[in-house]
Amino acid sequence: MSFGNLYFVFGFLPVSLLLYFIAPRRIKNVVLLLCSLVFFAWGEPTYLLLLALSVGFNYFTGRELALLLRAEKKGAARFVLTCSVILNLLLLCFFKYGAELLGGRALPMPIGISFFTFSLLAFLFDIYRGRAPAAKNIIDFGLYVTFFPKLVSGPIVRYAEMEAQLREHPFSWEKFGGGARQFLIGLAKKVLIANTLGTTFYALSALPVTSLSAAGAWLCAISYSLMLYFDFGGYSDMAIGLAGMFGFALEKNFDYPYLSGTVAEFWRRWHISLGTWFREYVYIPLGGSRCGSLRTALNLMVVWLLTGIWHGTGASFLLWGVYYGVLLVLEKLILRRVLNKVPDAVRHVLTLLCVVIGWVFFFSPSPQAAFAMLGRMFGTGKLIDTAAKYYWSAAWRVILLAVFGCLPVGARFGRSLLRRGRAWIPLSIVYYAVLLLLCIAGMMNDTYSAFLYFQF
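Residues numbered from 1 in each chain as written. Predicted model: local features only at pLDDT ≥ 70, side-chain atom pairs only at ≥ 80, totals over all residues. Heavy atoms only, no water.

**Thoughts on the nonpolar core**
Alright, step 1. Ranked by internal contacts, the top residues of the largest apolar core, which has 135 residues, are F3, F8, F39, F141, W277 and W359.
Alright, step 2. Examining the composition of this core, we find that 18 residues originate from one element, helix α10 (residues 214-245), more than from any other. (Core = buried A, V, L, I, M, F, W, Y, C linked by side-chain atoms within 4.5 Å. Buried < 20%, exposed > 50% of the residue type's maximum accessible area, 1.4 Å probe, protein only. Helix = DSSP H or I, 4+ residues; strand = E, 2+ residues; numbered from the N terminus.)

**Description of helix α17 (residues 367-377)**
Alright, step 1. Counted residue by residue, α17 has 8 buried out of 11 residues, so it is predominantly covered.
Alright, step 2. Residues of α17 that are buried include every one of P367, A369, A370, M373, L374, G375, R376 and M377, and no others.
Alright, step 3. Directly after α17, the chain includes G379, whose backbone phi takes a positive value near 105°.

**Considering the side chain of S223**
Alright, step 1. Along the polypeptide, S223 turns up in helix α10.
Alright, step 2. Of the residues examined, S223 reaches a relative accessible area of 0% and is grouped as buried.
Alright, step 3. When near neighbours in sequence (up to four residues on either side) are disregarded, S223 contacts L197, T200 and F201. (Contact = heavy atoms within 4.5 Å.)

**As for the pattern of salt bridges**
Alright, step 1. On inspection of all chains with the given rule, the structure shows 10 salt bridges.
Alright, step 2. The shortest N-O distance in the salt bridge between K189 and D237 comes to 2.6 Å. Taken as a pair, K189 in helix α9 (residues 173-205) and D237 in helix α10 lie far apart in primary sequence, 48 residues in all. Of the two residues, K189 and D237, neither departs from the other in class, the shared state being buried.
Alright, step 3. Residue R347 is joined to D344 by a salt bridge in which the shortest nitrogen-to-oxygen separation is 2.7 Å. (Salt bridge = Lys/Arg side-chain N within 4 Å of Asp/Glu carboxyl O.)

**Notes on helix α6 (residues 138-146)**
Alright, step 1. Counted residue by residue, α6 has 7 buried out of 9 residues, so it is predominantly covered.
Alright, step 2. Of the positions making up α6, those classed as buried are D140, F141, G142, L143, Y144, V145 and T146.
Alright, step 3. Turning to α6, the residues buried within the fold contact α2 (28-43), α3 (48-70), α5 (113-129), α7 (148-151) and α8 (159-167).
Alright, step 4. A side-chain oxygen of the first residue of α6 lies 2.8 Å from the backbone nitrogen of I139; this N-cap is N137. (Polar contact = N/O pair within 3.5 Å; in protein donor to acceptor, adjacent residues only side chain to side chain.)

**A few points about the packing of helix α14 (residues 315-334) against helix α16 (residues 344-363)**
Alright, step 1. Interhelical geometry of α14 versus α16 gives an angle of 160° and a closest axis separation of 8 Å. Between α14 and α16, the interaxial angle falls into the category roughly antiparallel. Taking contact as the criterion, the partners of S316, F317, L319, W320, Y323, Y324 and L327 in α14 are, on α16, C354, V355, I357, G358, W359, F361 and F362.
Alright, step 2. For the contact of α14 with α16, a count of residues per class yields 12 nonpolar, 2 polar and no charged. (Axes fitted to C-alpha atoms, helices over the stretch in contact; angles between N-to-C directions. Parallel < 35°, antiparallel > 145°, perpendicular 65-115°, else oblique. Nonpolar A, V, L, I, M, F, W, Y, C, P; charged D, E, K, R; others polar.)

**Observations concerning the environment of G62**
Alright, step 1. Note that G62 resides in helix α3.
Alright, step 2. Along the backbone, G62 and S84 are 22 residues apart, and their C-alpha atoms lie at a distance of 9.5 Å.
Alright, step 3. With sequence-adjacent residues up to four places away left out, G62 is seen in contact with F123, L124, I127 and A134.

**Topic: the packing of aromatic side chains**
Centre distance and the angle of the planes are the two values used to describe a pair of aromatic rings.
Alright, step 1. Taken as a whole and assessed by the stated rule, the structure comprises 70 aromatic pairs.
Alright, step 2. With a centroid separation of 4.7 Å and an interplanar angle of 45°, the aromatic rings of F123 and F141 are classed as tilted. Of the two residues, F123 sits in helix α5 while F141 sits in helix α6, which places them 18 residues apart along the sequence.
Alright, step 3. On the basis of relative accessibility, which here comes to 0%, the residue F141 falls in the buried class.
Alright, step 4. Stacked on the ring of Y20, the Lys or Arg K28 has its end atom at 4.6 Å from the ring centre.
Alright, step 5. Here K150 stacks its cationic end above the ring of Y144, 4.8 Å away from the centre of that ring. (Phe/Tyr/Trp six-rings, centres within 6.5 Å; stacked < 30°, edge-to-face > 60°. Lys NZ or Arg CZ within 6 Å of the ring centre and 35° of its normal.)

Structure (structure tokens):
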């Protein structure tokens, strides 16, 4: 089930909210857990047992780890941790990569398996390191894993960050209102901007690369870059907003990444929870940047190769990971002093150029297709043709709107209105009502509605 469709907005969500609010306090988590399981089963009910077994296995593994560490049996705890990590990764790899690696027919992938697997691994690592307690209540732990706002595409929330909220997440109208506003803004990003840009991108990417002019190829790459941000950023806003409506606070997952002045800054602002996960559980354990330049370069390449593999085993994903690994090594170890002397505006343009090129590798079905697209972008064909003029004339307004949405100006203006007092409340109500009506119209007419990150 997608957050961006009418069944969710006018069916599942209001029913879940009603059941949650009328439930006695002691069973509210039970109600949320059942709602989350229904949400999961809506997509692939045959995997409910698999999800339950995964939750149970990791719950009892966490308890066993805590007991072994309390008894100072560090070697046994390390063995239990290693075995449990391997089993979790084998399950993930079987569904995500098994058919592709073995040449067989692809199995339907359990929704959110990449995200809840990384949450479970973080839970086990943090217990072993003493950064989080073992879960005591299996209902609360099951809710942590399956909580439907974050189940499908994150944010990846560590158990230590959510444990206290699982025990106590009191309702307040302020939280509910703030969550509803953020959900609606995320819905607008997805339905009104990402889906509209998707129409342009999919039309251009369906054409033979050799038929594209430079203007057409650039429009294809720019449309995808903006579409992906508003698609995934919109989803993250919706997830955080939904959590707020139920009394939970999740950390932001995007922080205006297209304002970045370096590639490293871009990845600190984009998909923050995934970047944090790889930094905390891969990069730092490998030694981070503490072991000399050569080892730092190797650690960065390992992290980005794994990041590419996490998105898929296709050669274009691997190339995308290598591309960013090389860029970050150059930026961190070789060009740092030079870049510090470059004017901010120039660094910003160079960063955007590198990011758009990176997305070409990301969306292309093969390295050959990626290089063919880049060739068109940088002048191996016509500069502009009739098709490019047509698509630019159709898309330039939404691109301007998307560029404005990449800036914090609109959000600051909205927050300033809310702080102006009661006199501005009617205007705020009208604004969000109009936004909702536009989203409803968009959802009724959508031919493209699935979130891009559902495939990961």
